[in-house]
Amino acid sequence: MEEYAREPCPWRIVDDCGGAFTMGAIGGAIFQSIKGFRNAPSGWSQRFRGSVLAVRQRAPIVAGNFAVWGGMFSTIDCTLVHFRQKEDPWNSIISGAATGGILAARNGLPAMAGSAIIGGVLLALIEGVGIFITRLSAEQFKPSSLDDPSHLAQSPQGYPS
């Protein structure tokens, strides 16, 4: 089975930032279109116009916020990989906590601490689910006792043992 190789760190930051922007743009467009549709005056044309207007005004902001989060997370992750000299789930967990804390810095120390805890816990859950799924899928590729050729070993007389 082929292992997924990630980009080297300088390119990984740009890649993650772009991916986060794209996710934010798509998710923001969907969410804002629904919100604009619901908050517009009655009538299909008014609701459609309100939906389009909300997407044009707010979806780029949501996408930009996602890009900032993704770029900062990836930058911290690459920094940890450089200093720790290994890639493991702890890098992502620490990166999530640090990103949450840094982005909430303008709101004061209590908000920083809360956002850091939420970021760390969220990334720990994501990493835990990823490890769980990897182990579950690895079980199906575990060799069974019938795959073991030792049961076909023959005795010195030529008969199976």
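Conventions adopted
Residues numbered from 1 in each chain as written. Predicted model: local features only at pLDDT ≥ 70, side-chain atom pairs only at ≥ 80, totals over all residues. Heavy atoms only, no water. UniProt positions renumbered as here; feature names shortened; annotations may be inferred. Helix = DSSP H or I, 4+ residues; strand = E, 2+ residues; numbered from the N terminus. Contact = heavy atoms within 4.5 Å. Areas by Shrake-Rupley, 256 points an atom, 1.4 Å probe, with all protein chains shown as cover. Buried < 20%, exposed > 50% of the residue type's maximum accessible area, 1.4 Å probe, protein only. Salt bridge = Lys/Arg side-chain N within 4 Å of Asp/Glu carboxyl O.

- Going by the annotation in an unreviewed UniProt entry, the name recorded for the protein is Mitochondrial import inner membrane translocase subunit Tim17-B-like, with Dinoponera quadriceps given as the source organism.
- Per UniProt, the protein carries the Function (unreviewed entry) text "Essential component of the TIM23 complex, a complex that mediates the translocation of transit peptide-containing proteins across the mitochondrial inner membrane."

## Quick notes on the overall build of the protein
Here's step 1: Along the backbone of the protein there are 4 helices and 0 strands.
Here's step 2: Across the protein, helices and strands are ordered from the amino to the carboxyl terminus as α-α-α-α.
Here's step 3: Summarising the internal contacts of the protein: among those between residues at least 6 apart in sequence, 50% fall at separations of at least 24.
Here's step 4: Approximately 11,800 Å² of the protein is accessible, and the part contributed by carbon and sulfur atoms is 67%.

## Focus on the UniProt feature "transmembrane region" (unreviewed entry) in the protein
Here's step 1: Following the UniProt record, the feature "transmembrane region" (unreviewed entry) maps to residues 111–133 here.
Here's step 2: From the first C-alpha to the last, residues 111–133 spans 33 Å; its make-up is 100% helix and 0% strand.

## Here's the deal with the side chain of Gln 32
Here's step 1: Note that Gln 32 resides in helix 1 (residues 9–39).
Here's step 2: When its relative accessible area of 6% is taken as the criterion, Gln 32 is described as buried.
Here's step 3: Setting aside anything within four residues of it in sequence, one finds Gln 32 in contact with Ser 51, Ala 54, Val 55, Arg 58, Ala 59 and Val 62.

## A word on the pattern of salt bridges
Side-chain pairing between opposite charges can occur once the charged atoms of the two side chains come close.
Here's step 1: Overall, the coordinates contain 3 salt bridges when judged by the stated rule.
Here's step 2: We note a salt bridge from Arg 12 to Glu 87, for which the minimum N-O separation is 3.2 Å. Placement of the pair is Arg 12 in helix 1 and Glu 87 in the loop between helix 2 (44–84) and helix 3 (89–103), with a sequence separation of 75 residues.
Here's step 3: With relative accessibility at 49%, the residue Glu 87 sits in the partly exposed group.

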